[in-house]
Structure formats: C-alpha cells, structure tokens
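# A look at the structure
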4 protein chains.
Amino acid sequence: MTVGATTWVVADGYIPPSSTGPAPAMTSHDSVCMLNAGDADARVALHLYFADREPVGPYELTVPARRAHHQRLNDLDGPEPVPVGVDYCCLIRSDRPIVVQHTRLDSRQAENALMSTIAYPAG
Amino acid sequence: MTVGATTWVVADGYIPPSSTGPAPAMTSHDSVCMLNAGDADARVALHLYFADREPVGPYELTVPARRAHHQRLNDLDGPEPVPVGVDYCCLIRSDRPIVVQHTRLDSRQAENALMSTIAYPAG
Amino acid sequence: MTVGATTWVVADGYIPPSSTGPAPAMTSHDSVCMLNAGDADARVALHLYFADREPVGPYELTVPARRAHHQRLNDLDGPEPVPVGVDYCCLIRSDRPIVVQHTRLDSRQAENALMSTIAYPAG
Amino acid sequence: MTVGATTWVVADGYIPPSSTGPAPAMTSHDSVCMLNAGDADARVALHLYFADREPVGPYELTVPARRAHHQRLNDLDGPEPVPVGVDYCCLIRSDRPIVVQHTRLDSRQAENALMSTIAYPAG
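Presented here is an overview of the structure given in this document. Bear in mind the structure is a predicted one, so any value in this text is a computation, not a measurement.

Thresholds, definitions, all that
Residues numbered from 1 in each chain as written. Chains lettered and ligands numbered in written order. Predicted model: local features only at pLDDT ≥ 70, side-chain atom pairs only at ≥ 80, totals over all residues. Heavy atoms only, no water. Helix = DSSP H or I, 4+ residues; strand = E, 2+ residues; numbered from the N terminus. Buried < 20%, exposed > 50% of the residue type's maximum accessible area, 1.4 Å probe, protein only. Contact = heavy atoms within 4.5 Å. Lys, Arg positive; Asp, Glu negative; His and termini not counted. Charge placed at Lys NZ, Arg CZ, Asp CG, Glu CD. Least-squares fit on C-alpha atoms with pLDDT ≥ 70 in both. Buried area = accessible area lost by both parts, 1.4 Å probe. Salt bridge = Lys/Arg side-chain N within 4 Å of Asp/Glu carboxyl O. Polar contact = N/O pair within 3.5 Å; in protein donor to acceptor, adjacent residues only side chain to side chain. Phe/Tyr/Trp six-rings, centres within 6.5 Å; stacked < 30°, edge-to-face > 60°. Lys NZ or Arg CZ within 6 Å of the ring centre and 35° of its normal. Disulfide = S-S within 2.5 Å. Pairing = 2+ DSSP bridges.

## What about the overall build of chain A?
Within chain A one finds zero helices and eight strands. Listing each helix as α and each strand as β along chain A from the N terminus yields β-β-β-β-β-β-β-β. In terms of overall dimensions, chain A has a C-alpha envelope of 40 × 30 × 25 Å along the principal axes. Per-residue burial for chain A yields a buried fraction of 59% across its 123 residues. In chain A, of all internal contacts separated by at least 6 residues, the share reaching a separation of at least 24 is 71%. Distance between charge centroids for chain A: 7 Å, based on 9 positive and 14 negative side chains.

## Points about the relation of the copies chain D and chain C
Taken as rigid bodies, chain D and chain C are interconverted by a rotation of 90 degrees and an axial shift of 0.0 Å, the fit giving an RMSD of 0.0 Å. Such a combination of turn and shift is consistent with a four-fold rotation axis.

## Focus: the interface of chain D and chain C
On the chain C side, the residues contacting the 34 residues of chain D number 32 residues. Sorting the residues of chain D by area buried against chain C places Tyr49(D), Gln109(D) and Tyr120(D) first, and these three jointly supply 25% of that buried surface. For the interface between chain D and chain C, the tally reads two salt bridges. With a closest N to O distance of 3.1 Å, Glu54(D) and Arg67(C) form a salt bridge.

## Some remarks on the environment of Tyr59(C)
All names here are of chain C. By secondary structure assignment, the location of tyrosine 59 is in strand E4 (residues 56-63). Excluding its chain neighbours within four sequence positions, the residues that come into contact with tyrosine 59 are Val44, Ala45, Leu46, Leu48, Leu76, Asp77, Gly78, Pro79, Glu80, Pro81 and Val82. Of the polar contacts made by the side chain of tyrosine 59, one reaches the backbone oxygen of glutamate 80; its length is 2.7 Å.

## Overview of the interface of chain A and chain D
Much of the literature gives interface size as the accessible area that the parts lose upon coming together. Every contact between the two is made by 34 residues of chain A and, on the other side, 32 residues of chain D. For the chain A and chain D pair, buried surface summed over both sides reaches about 2,500 Å², with 60% attributable to carbon and sulfur atoms. Contact with chain D buries surface across chain A, with Tyr49(A), Gln109(A) and Tyr120(A) losing the most and accounting together for 25% of the total. The interface formed by chain A and chain D holds two salt bridges in total.

## Some remarks on unusual backbone geometry
Between Ala23(B) and the following residue, Pro24(B), the backbone shows a cis peptide bond with an omega angle of 0 degrees. Tracing the chain through its elements places Pro24(B) in the loop between strand E1 (5-13) and strand E2 (29-36). The phi torsion at Arg66(C) lies on the positive side, around 55 degrees, for a residue other than glycine. Turning to its location among the elements, Arg66(C) is positioned in the loop between E4 and strand E5 (67-72). Residue Arg66(C) is classed as partly exposed on the basis of its relative accessible area, which comes to 26%.

## Re the packing of aromatic side chains
Counted by the stated rule, this structure contains eight aromatic pairs over all chains. Between Trp8(A) and Tyr120(B), the ring centres sit 5.2 Å apart and the planes meet at 65 degrees, which makes this aromatic pair edge-to-face. Taken together, the residues Trp8(A) in strand E1 (residues 5-13) and Tyr120(B) in strand E8 (residues 120-121) connect one chain to another. Against the face of Phe50(B) rests Arg53(B), its NZ or CZ located 4.1 Å from the ring centre.

## Looking at the state of the cysteines
Scanning the entire structure with this criterion turns up zero disulfides over all chains. Counting only cysteine sulfurs, Cys89(C) is the nearest neighbor of Cys33(B), a cysteine outside any disulfide, at a range of 7.0 Å. Take Cys90(D): it sits in no disulfide, and the sulfur closest to it among the cysteines is that of Cys89(D), at 8.9 Å.

## Focus: the pattern of salt bridges
Counted according to the given criterion, the structure contains 32 salt bridges over all chains. Ionic pairing is found between Arg104(B) and Asp30(B), a salt bridge with its closest N-O pair at 2.9 Å. Taken together, the residues Arg104(B) in strand E6 (residues 88-106) and Asp30(B) in strand E2 connect sequence positions 74 residues apart. The buried category is assigned to Asp30(B), whose relative accessible area is 0%. A network of salt bridges, in which partner residues are shared, links Asp39(A), Arg66(A), Arg67(A) and Glu54(B).

## Describing the side chain of Arg104(C)
Judged by its relative accessible area of 5%, Arg104(C) is buried. Of the polar contacts made by the side chain of Arg104(C), one reaches the backbone oxygen of Tyr14(C); its length is 2.9 Å. Side chain to side chain, Arg104(C) and Asp30(C) meet in a polar contact 2.9 Å long. Apart from residues no more than four positions distant in its own chain, Arg104(C) is found in contact with Leu114(B), Asp12(C), Gly13(C), Tyr14(C), Pro16(C), His29(C), Asp30(C), Ala113(C), Leu114(C) and Met115(C).

## Some thoughts on the environment of Tyr49(B)
Within the element layout of this structure, Tyr49(B) appears in strand E3 (residues 42-50). Distance in space between the C-alpha atoms of Tyr49(B) and Asp87(B) is 8.7 Å, their sequence separation being 38 residues. Sequence-distant contacts of Tyr49(B), defined by excluding residues within four places in its chain, comprise Leu35(A), Ala37(A), Arg66(A), Arg67(A), Ala68(A), Pro55(B), Asp87(B), Tyr88(B), Cys89(B) and Leu91(B).

## Comments concerning the pairing of strand E4 (residues 56-63) of chain B
Residues and elements named next belong to chain B. Across six bridges, E3 lies against E4 in antiparallel orientation. Paired with arginine 43 across the bridge in E4 is threonine 62. Connecting E3 to the antiparallel partner E4 that follows it, the hairpin turn spans five residues.

## Observations concerning the environment of Glu60(B)
Residues and elements named next belong to chain B. Along the chain, glutamate 60 falls in strand E4. The class of glutamate 60 is exposed, set by a relative accessible area of 62%. Separated by 34 residues in sequence, glutamate 60 and serine 94 have C-alpha atoms that sit 9.8 Å apart.

In short, shape yes, function no, at least from these values alone.
As structure tokens, then:
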C-alpha cells in the first residue's frame, strides 16, 4: 500500500518561545507527522525558509516502511537548531510517497491551544 | 449522491493520556468523522501505524447509507485497544466513497483545546 | 473571477450544547464560511446527515455575487432547527462555484477553543 | 524549486476585536502565511470580500524568492484598514506559485485559542 505525495509544504511554521506545564508533553512545539504506508523506507529532507535569509537544510531523516514518524521541529538534528519565536515555512521532500500533517501546541498561556492541518501536497 | 474517496489518511494520531472535565464529553479523544452520502452501506477498515512496530488492523466498522458516523479512536473495537499517549497514523479504506475529517479534543489542562482537519484523500 | 467548487462536505459537525461568555460572540457554534467571488448570486442548499435517521434538508440560502457569507449552523432557517449536542455531517451544494471553510467555537469550558479546516471539495 | 498555486482562498476571515496578554505576540489576529520557494519574487494581491458591500483591494505585497512571509491581516497596508470584529473572506492571487496557510489566534478570553488550515488552492 503506497499512499501520498513526495513534496509537501507547511506554510505557517512557528515554535512559540515559552511554555506552561510539564515538559516534554506540554512544551510548545511544531510537529510534522508523517506516514509511510509503503514497503520501503522513505528518506525525507526538510528545508526551512525564513523571512530575511536564505533557506536552511537539508534536515534529513528516515521514515521506515510501514511506520509513523511524528517529528517535533524543536528536536531536529541538522545544519542548525530551528530558532524559536521566528516565522518560517517548511518544505518536505521524500523519495517515497508519504502523508504529512502539521500540528502546533502552544502553551505560552496557562492553558494549551492546538492547531492542525494536513500539509499542502505539492507533487 | 455519492461523494468522497475510498482511501484517507490521518497522519497526526495521538490520544492525550489524561483529561479534565466531565466524561465522556470532555474526555480527551481523537475522532474520525465520516459521511456516507451514498445509497449503499460503506464497509470501512482502519489500520493504525506506529513508530516502532508493525501496523495493527483492520478495525472494521460500517457507515450505513446516508448516515454520519463519528468514531472516537478511544472506543474502537478491534484487534487491540488504541494505546493512549502514543503517536500513531491512521489509514482508512472504504468500499464506497466517504468523506473523513479528523478532530482531537485535548483536555489535559484545565481548559480544552481542539484541532481539526479534513483528512488526506489518497485515492 | 469565479473560484471554487459546487459540492462541499463538512464531516465533523457538532454544536456544543453549552457556552461560557457573552452571547452571541462566545456562544458555542459551528459555522460554514462561504465565498462567492463570482458575478452572479449563488443559491446554496445544505443537507444534514445524522447517525440514526434520514438526512434533513434542504436548508436554502443565497450567497450574493462578490460577497462573503458566514453561516452559523445554530441559526439556520429550514425544515427544523439543527440539534445541539448531536453529531452530524453537512453536504453543501451550490449552483455556482463557492469556497467553504468550517469553523467551530467551543466555549463549554471557561476559555474558548477553536478549530477550522477548509471543507472537502467534492465536485 | 517552484511549488504551489497562484490563486488561494481563505473563507473564514475574522479578526477578534479584543485581546488578552502582551502585544504583539498575544494580540488576536488572522494571518496568511506564504511560502515562495521559487527563484523569482512573487507579487501578491489580496482582495477582501464582505457580507454587505463590494470587495476591497488590492492589498499588494511581495514575497521575495526563497522566502517565508507571514502576514497578519491586522497589519495590512492598503486601500483601508481591515475592520476588526467583521466577517470577511480573502482571495489571494500571485504572479508566481506560492503556498498559503491561514491561522487565527483568538485571545478574547483569558487563554488563547488557535486554528489553522491550508487555504484552498483555486488555480
């Protein structure tokens, strides 16, 4: 079973710069949640775009065959840490079809807020 | 009237492991909300994908002709209960076109948070 | 400028049965927000689907040419009031292309929660 | 790398008319978050549609090549300020492909609520 697309975009990237509640569960974060329903591992590269400088990337990771991978942007290994409190966009490319959903937990105020959307499948 | 697709994906699955407020209304949950607008019953199979083990499924259910069916993942009958506090993805296949929307209510903190998105139509 | 589709689906319909805060702004509600960017009025018919009975409709309304129309489901005129605290799905058909976004405000607890998604364009 | 579409729609526009918490971070706002992943600047024009009067626009801005641009509707320069507490829809046209995500932060009550969706790609 192979489902999805190989290029995805999250246009509203932002890691809220403060948090309320126990870490790591309630730590403010942006996540890209990925499904690889296929029978071969997917190699995924993320590039981050900013308002005032050239893109940064690739941030590379593998989503194994038949696996879910929910990746907090906060925790990405790569060329540099993802800055907090800064607007960005995220372009995700995979060598195999995957599906991507973007979710933010914002706990800057005492109670957390959530938002989520299927990312934009671009190709 | 037949609308929708037969394969859908929710990539950000997660049942928050605690709740605040009266059950069942305010119990933290993930839901897949489905419309079968057609004139024949739809047989639906869900498979759940995890980060560190093989997929689990099928979880089988029927969405009758011309009916809405909002299914909490918490309440699924099937091969095994859906674990709480664990990242997953959900692949939904139907033998008739349906439409799927994914919603989470998170009441871990005192006030509830909500998120929702139309799922990804994959075929 | 004509944009959009003529058939749309909201799969997660639910009007929370209680509210906190001043009415009508903070009253718990489901909305279908519609744009008719074209130069002719759009006649729109909504049908509501339930878990345990036949669909109800049409609920009819007009979105004038070059106008926004944000319709709370709570306030629909039609064959019968939309029940609160009940799961439903909503099928929206228009004789002209429109765009539909679904939003819920849930103020059952002291602080409001929001969720929104572009509806599913079905044709 | 060129991704996206040149016409996008946000159907649920609304700037909540009050806020709780430190400005500007927690000021209630609507945002259109845009990625231009291409190698040429994108000239973008927004038109706003209302319930009871003719559309207003264009609001013009540039998303430079390989840049993210998150635009609060509250802060738009243009023919007139975007009214707060008023329902609207937003049509976004670009001379180059972009990707658009719509997000609202609502801090009318003590704790903020969030909602987000990829906008509707209309062409």
